[in-house]
Amino acid sequence: MKIISTIDELRDQLRGQLRTAFVPTMGNLHEGHLSLMRLARKHGDPVVASIFVNRLQFGPNEDFDKYPRTFQADVEKLEKEGVYVLFAPTEKDLYPEPQEYRVQPPDMLGNTLEGEFRPGFFNGVCTVVTKLFSCVQPRVAVFGKKDYQQLMIVRNMARQFALPTEIIGAETYRAEDGLALSSRNMYLSAEERAEAPALYQALNFVAGEMRAGHLDIFSVERDAMDQLAKRGWKPDYISIRKRIDLQPPSAGDLAQGAPLVVLAAAKLGTTRLIDNLEI
Ligand code: PAF
């Protein structure tokens, strides 16, 4: 595997490649990321991964400084997956001057759910993804469904800008007890780790209620949040949305059986976890 940090070198290395499959990451790789690499391999060749902890998508009180950085272990994992190029720019490489031009998603998608609790987050994500796409020029790029809203926003961005990159969504990788794998799980104490699957259980509760025909979505969402709060969580939201546009479903949408997804974010101790489930 070639490890490349500058944009010029990356361009030299990938010149003429028409089927590149790209997986952008912020490192601290776990099985979930590796499943993205395997999916990428099915959709293209060569597979290019990136590791870059993108300051632009972190709020001033978020965990940019303490975000886990495990470069050497990450390299070993990517080698085993047969990744051809790892693009690992420094901040100076990717942002040699202040990144003043930004990509701003529409408010409807970008300011709801995660965007409401993390102002500027999706602006930072869209800006770095656009820049990484410009560097790698992939034919396909793989994003996990764990970050459902991110996947949706990037997919719409690629469509509206007519980017030549197809966006592929990968199923969420879960531990045996249901907890979605995430780099932030490593912040959990042993006790919190044992409690953490309750988030996925809350999503399953919501899905079960909807499937059983309990269509008062506000009371179902509130019950699920109350259940978590009673166990000591601080839920930001548990929200049933339409898959197509992540807006709340109307009574008509529910009656017509519009495809739904339930999304959740909640704090356990000081760790904020997110997850979602298609209903
Ligand atoms: O999902 C992530 O790890 C990040 O948001 C991404 C897509 C790599 C952009 O920094």
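Everything that follows concerns the structure shown earlier in this document.
As a starting point, this report considers the structure included with it. Every chain is numbered on its own, with residues counted from 1 as its sequence reads. Residue-level local features of this predicted model are given only where pLDDT is at least 70; pairs of side-chain atoms are given and counted only at 80 or more, and the full residue set underlies all totals for whole chains, interfaces and linings. No hydrogens and no water enter the side-chain calculation; it runs on all heavy atoms of the structure.

### Some words on the sheet that holds strand β4 (residues 85-87)
By this definition, two strands are paired if DSSP reports at least two bridges between them. Numbering of helices and strands starts at the N terminus; helices are DSSP runs of H or I of at least 4 residues and strands are runs of E of at least 2. Ordered by their spatial adjacency, six strands build an open sheet running β1-β4-β3-β2-β5-β6, and the pairing between neighbours is parallel. Of all the strands in the sheet, just β1 (2-4) and β6 (166-170) have a single pairing partner and so form its edges. Pairs of neighbouring strands in the sheet enclose a mean axial angle of 25°, with direction left out of account. Here five bridges tie strand β2 (residues 21-25) to strand β3 (residues 47-51), and the two strands are oriented parallel to one another. Axis definition: a line fitted to C-alpha atoms, limited for helices to the stretch in contact. Angles are taken between N-to-C directions and run from 0 to 180 degrees.

### Regarding unusual backbone geometry
Most peptide bonds take the trans configuration, and most residues that are not glycine carry a negative phi. Of note, the bond from Asp 45 into Pro 46 is cis; its omega dihedral lies within 30 degrees of zero at 0°. Position of Pro 46 among the secondary structure elements: in the loop between α2 (31-43) and β3. Of note, the phi angle at Gln 137 is positive, near 50°, even though the residue is not glycine. Within the secondary structure, Gln 137 is located in the loop between α7 (121-136) and β5 (140-144). With a 1.4 Å probe rolled over the protein chains alone, any residue whose accessible area is under 20% of its type maximum counts as buried; one over 50% counts as exposed, and the rest are partly exposed. In this structure Gln 137 comes out as exposed when scored by relative accessible area, which is 55%.

### Observations concerning the site of the ligand
What makes a residue near a molecule or strand is one non-hydrogen atom of that residue sitting within 4 Å of it. Near the ligand the following residues occur: Pro 24, Thr 25, Met 26, Asn 54, Gln 57, Val 125, Val 128, Phe 143 and Gln 150. Between N or O atoms, a polar contact is any pair within 3.5 Å; within protein, one atom must be a potential hydrogen donor and the other a potential acceptor, and residues adjacent in sequence are included only when both atoms are from side chains. Here an oxygen atom of the ligand sits 2.7 Å away from a polar atom, N or O, in the side chain of Gln 57. A distance of 2.7 Å separates an oxygen atom of the ligand from a polar side-chain atom of Gln 150. Against a free-state accessible area of 290 Å², the protein chains account for coverage of 87% of the ligand. For the shell around the ligand, the secondary-structure elements that each account for two or more residues are β2 and α7. Residues are sorted three ways: Asp, Glu, Lys and Arg are charged, Ala, Val, Leu, Ile, Met, Phe, Trp, Tyr, Cys and Pro are nonpolar, and all the rest, Gly among them, are polar. Classifying every residue of the shell around the ligand gives five nonpolar, four polar and no charged. A 1.4 Å probe and the Shrake-Rupley method give the accessible areas. Residues count as covered only by the protein chains that appear here.

### Concerning the layout of surface pockets
To locate leftover empty space, one rolls a probe as large as a water molecule over the atoms. The way it works is a 1 Å grid over only the protein atoms, where trapped points that fit a 1.4 Å probe form a cavity and open points with protein on both sides within 12 Å along at least five of seven lines form a pocket, and then any residue with an atom within 4 Å of a point lines it. Grid points are joined across faces, edges and corners, and a volume is the space filled by probe spheres set on the points. Computed from the structure, the second largest pocket encloses a volume of approximately 290 Å³. What lines the second largest pocket is a set of 18 residues, and nearest its centre among them are Phe 133, Ser 134, Val 136, Gln 137 and Pro 138. Of all the secondary-structure elements, those providing two or more residues to the lining of the second largest pocket are α1 (7-14) and α7. Examining the composition of the lining of the second largest pocket, we find that five residues originate from one element, α7, more than from any other. Tallied by class, residues from the lining of the second largest pocket come to eight nonpolar, seven polar and three charged.

### Topic: the sheet that holds strand β8 (residues 260-268)
Within the open sheet, the three strands sit side by side as β7-β8-β9. Their pairing is antiparallel. Of all strands in the sheet, those bounded by a partner on one side alone are β7 (234-242) and β9 (271-278). Pairs of neighbouring strands in the sheet enclose a mean axial angle of 10°, with direction left out of account. Contacts are assigned to residue pairs that have any heavy atoms within 4.5 Å of one another. Relative to the sheet, helix α11 (residues 217-230) contacts β7 and β8, its axis offset from that of β7 by approximately 150°.

### Notes on helix α10 (residues 198-211)
Over its 14 residues, α10 extends 20 Å from the first C-alpha to the last, a length consistent with the 20 Å expected when each residue adds 1.5 Å. Those residues of α10 that fall on the buried side of the exposure criterion are Ala 198, Leu 199, Tyr 200, Ala 202, Leu 203, Val 206, Ala 207 and Met 210. Next to the buried residues of α10 lie α9 (190-195), α11, β7, α12 (251-255), β8 and β9. Taken from the residues just after α10, Gly 213 is the one with a positive phi, measuring 90°. Expected span, for any helix, means 1.5 Å times one less than how many residues it has.

### Some details on the nonpolar core
Residues Leu 10, Phe 87, Leu 94, Val 129, Phe 143, Ile 167 and Leu 246 are the most contacted members of the largest nonpolar core, which totals 41 residues. Of all the secondary structure elements, the ones that give two or more residues to this core are α1, β4, α7, β5, α8 (148-160) and β8. With residues near it in sequence (within four places) discarded, Val 129 still touches Phe 143, Val 154 and Met 157. Core analysis: the second largest hydrophobic core is formed by 26 residues, Leu 188, Ala 207, Met 210 and Ile 240 among them. Within this scheme, the nonpolar core is defined by two criteria: the residues are buried Ala, Val, Leu, Ile, Met, Phe, Trp, Tyr or Cys, and they are joined through side-chain atoms within 4.5 Å.

### Some details on the side chain of Gln 150
Within the fold, Gln 150 resides in helix α8. The exposure class of Gln 150 is buried, given its relative accessible area of 16%. In contact with Gln 150, other than residues within four places in its own chain, are Phe 121, Phe 122, Val 125 and Phe 143.

### A word on the pairing of β9
Remark: a regular strand shows side chains that alternate across the two faces of the sheet. Among the eight residues that make up β9, seven are buried, leaving the element largely enclosed by the rest of the structure. Linking β8 to β9, which pair antiparallel, is a turn of two residues; within it Gly 269 sits at a positive phi near 60°.

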